Amino acid sequence: MYFRWIIFVLLTILSIIGILPTIDYYSNYFAKQDLSELDINQAELLKKKSLTLGLDLQGGMHMVLELDLIDLYKNLLNDEYKNDFQEIEEFENTLINVSQKSSSSNFIDYLFNNYDNEILINYYSDFIPENINSEDEATFLRQILKEKLAMKLLSSTEIIRNRVDAIGVTEPLIQTKGTNQIIIEIAGIQDTSRAESLIKNTGKLEFIIVKERAKTWQEKVKKIDKNTNLSNYLYSFDGISMTNFYDIQENALIPYVFVQNSNKNNVNKILLDSNNKRYLIDSQFLWGGENQEIPGYTQLFFLNKYVELSGNEIKNPRAQQFPIEDINSGQWYISLEFVNPIDFEEITDDNKGKFLAIVLDDEVKMAPRINQKISGGRAQITGSFSKTEAKDMEAILIAGELPAKINIASKLQVDASLGADSITNGFKSIIISLLLILLFMIIYYKGFGLLANFAMLLNLLFILAFLSNPWINATLSLPGIAGMILTVGMAIDANVIIFERIREEMAKQQKNIFDVINNGYNRAFQTILDSNLTTLISAISLYLFGSGPIKGFAVTLSLGIICSMFTAIFVTKTIIISFLKIKKIKTLSI
């Protein structure tokens, strides 16, 4: 009997200790806005030891992302077509047409049914083994491209997961849906714009040569000006004032021009106009950062389309700070190494005097001038980066480039205040159900009812303590609270079965009260085990085949079943036998 008490008391003490940080955090810090820096640090420490709440309870962000099929299948083309910009643009128009007339589920079928299969075979011949018969190539390729979509969707999920982990959030939900969708739920996040930027950015890093000659700029802009008035939005800065575009000397070097931030949309419309895109087959205009050099203006670069080096050819990206003795002391930058340093050395040797743009997700981060051949295989991305921006850029580069652009299909933000209301309403329902059950058990089973109520409360304590354990890293959501309420009923049900079996034993007029108790528990055990085991199997099935909130419900239900059997069978029997030995009671009243 002493051993039973040691187990019971030890588990109870550990559970109380385990749940204290959760009580402290959600009572004093959760959803509070006016916390001091000391309180914020204390809240972070407590949060790591506390029960994690789901999106519906503590607020956060829910997003549905879609993998851009046009961009994906364009990126999958054979390498031989990558620099045939005219061919790529024509095929991209075909893919756009297909996407407008099909869904993600039948995109490939529609493409093969309405487009020359021989051309498709040429575009994607790298995926077709040599031993495939020519008459089977189209069928084989159709299946391969569908499989590629499934594979790229899974790889995108892992890349996004790695990026989200860099934010430091607890247990984000990231899963695929359908053929090209990814669902993301991040609970408790405050800076949703940062998370959105980390998630949706492709992470495409490119090194491209800049067209820096003023004459080259003016020749291209004149062609575009035949249809529009692009030049009206372009300015050069001479160090003192803004200069109109056509006033720039032809022999001048201009790696970029300036556009007022308010006119960026107008410039984008001009550059994306179908009449103007024909002038940009082998070149492109890309934006730099807003307000980088002059407040109110954004840099616009004119670049080749040919990519000298890509992000696949870099390694070990690191966010670092310039040392105190450096002229840029305190500023953050990204250090890079090249997989093959000779490639970068040859590029810098062949392009001395030119500007090399470092482009991340179609935005020019910097465009330094190449003054000499650069050996050693190292480079830096500098700019007006904050620590957070540099760390996010590092996370994106380490996680790797997404196989295609990501589009946000839907986004929902849940405020923490709404989450606090959900918690209050959820626990109100638990308290009301507890009070009703407590009242019923005391009226119907008297002293034994009090014992059953104690076991039920102990059951809830064990569940919350287990969920609060940082090693378990579980998350409680509204369905999880529903599972706890169901568990309360099941815990009482086990005690009801035991007490009824004891009543039956008392009706047999047995003289030994300990035999009555033991026989009652032994007879009830098999019934309780069978009923709880079948429920546990159902809960495990829900966990294995369900997702998100369904899994949360399954976890709390499974845990509640195990804890309720321990409290109903082990704890209550320990207390009853000990009480009877101390009080020397000879008859029972249930």
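Our structure's up above, just so we're on the same page.
Rules and cut-offs
Residues numbered from 1 in each chain as written. Predicted model: local features only at pLDDT ≥ 70, side-chain atom pairs only at ≥ 80, totals over all residues. Heavy atoms only, no water. Phe/Tyr/Trp six-rings, centres within 6.5 Å; stacked < 30°, edge-to-face > 60°. Helix = DSSP H or I, 4+ residues; strand = E, 2+ residues; numbered from the N terminus. Buried < 20%, exposed > 50% of the residue type's maximum accessible area, 1.4 Å probe, protein only. Lys NZ or Arg CZ within 6 Å of the ring centre and 35° of its normal. Contact = heavy atoms within 4.5 Å. Patch = residues over 30% accessible without salt bridge, like charges linked within 9 Å, V, L, I, M, F, W, Y side chains within 5 Å. Areas by Shrake-Rupley, 256 points an atom, 1.4 Å probe, with all protein chains shown as cover. Salt bridge = Lys/Arg side-chain N within 4 Å of Asp/Glu carboxyl O. Pairing = 2+ DSSP bridges. Axes fitted to C-alpha atoms, helices over the stretch in contact; angles between N-to-C directions.

Caption draft 1: Spotlight on the packing of aromatic side chains. Applying the stated criterion across every chain, the model contains 28 aromatic pairs. The interplanar angle of 85 degrees and the centroid separation of 5.0 Å between the aromatic rings of Tyr 81 and Tyr 123 together place this pair among those described as edge-to-face. Here Tyr 81 is found in the loop between α4 (69-75) and α5 (85-101), whereas its partner Tyr 123 is found in helix α7 (residues 117-123), with 42 residues between them in sequence. Each member of the pair, Tyr 81 as well as Tyr 123, is classed as buried. An aromatic cluster is defined as three or more aromatic residues linked by ring pairs; in this entry it consists of Tyr 81, Phe 91, Tyr 115, Tyr 123, Tyr 124 and Phe 127. Directly above the ring of Phe 570 sits Arg 4, whose terminal nitrogen or CZ lies 4.4 Å from the centroid.

Caption draft 2: The arrangement of the environment of Phe 85 in detail. Locating Phe 85 in the fold gives a position in helix α5. Sequence separation between Phe 85 and Thr 567 is 482 residues, and the spatial gap between their C-alpha atoms is 71 Å. Residues within four places of Phe 85 in sequence aside, it is in contact with Ile 281, Asp 282, Lys 305 and Tyr 306.

Caption draft 3: Broad picture of a nonpolar patch on the surface. On the surface, a cluster of nonpolar side chains totalling about 480 Å² of accessible area is made up of Ile 540, Tyr 543, Leu 544 and Phe 545. Structurally, Phe 545 is set in helix α17 (residues 513-545).

Caption draft 4: Geometry of the sheet that holds strand β2 (residues 60-67). Sheet architecture is open: four strands sit in the order β3-β4-β2-β17, paired in antiparallel fashion. Of all strands in the sheet, those with a lone pairing partner are β3 (173-177) and β17 (406-414), marking the two edges. When the angles between neighbouring strand axes are averaged without regard to direction, this sheet yields 15 degrees. Summarising the sheet, β2 and β17 pair through eight bridges and their orientation is antiparallel. Bridging from a neighbouring strand, Glu 66 pairs with Asn 407 of β17. Lying on the sheet, helix α9 (residues 192-200) is in contact with β2, β4 (181-187) and β17; it crosses β2 at an angle near 20 degrees.

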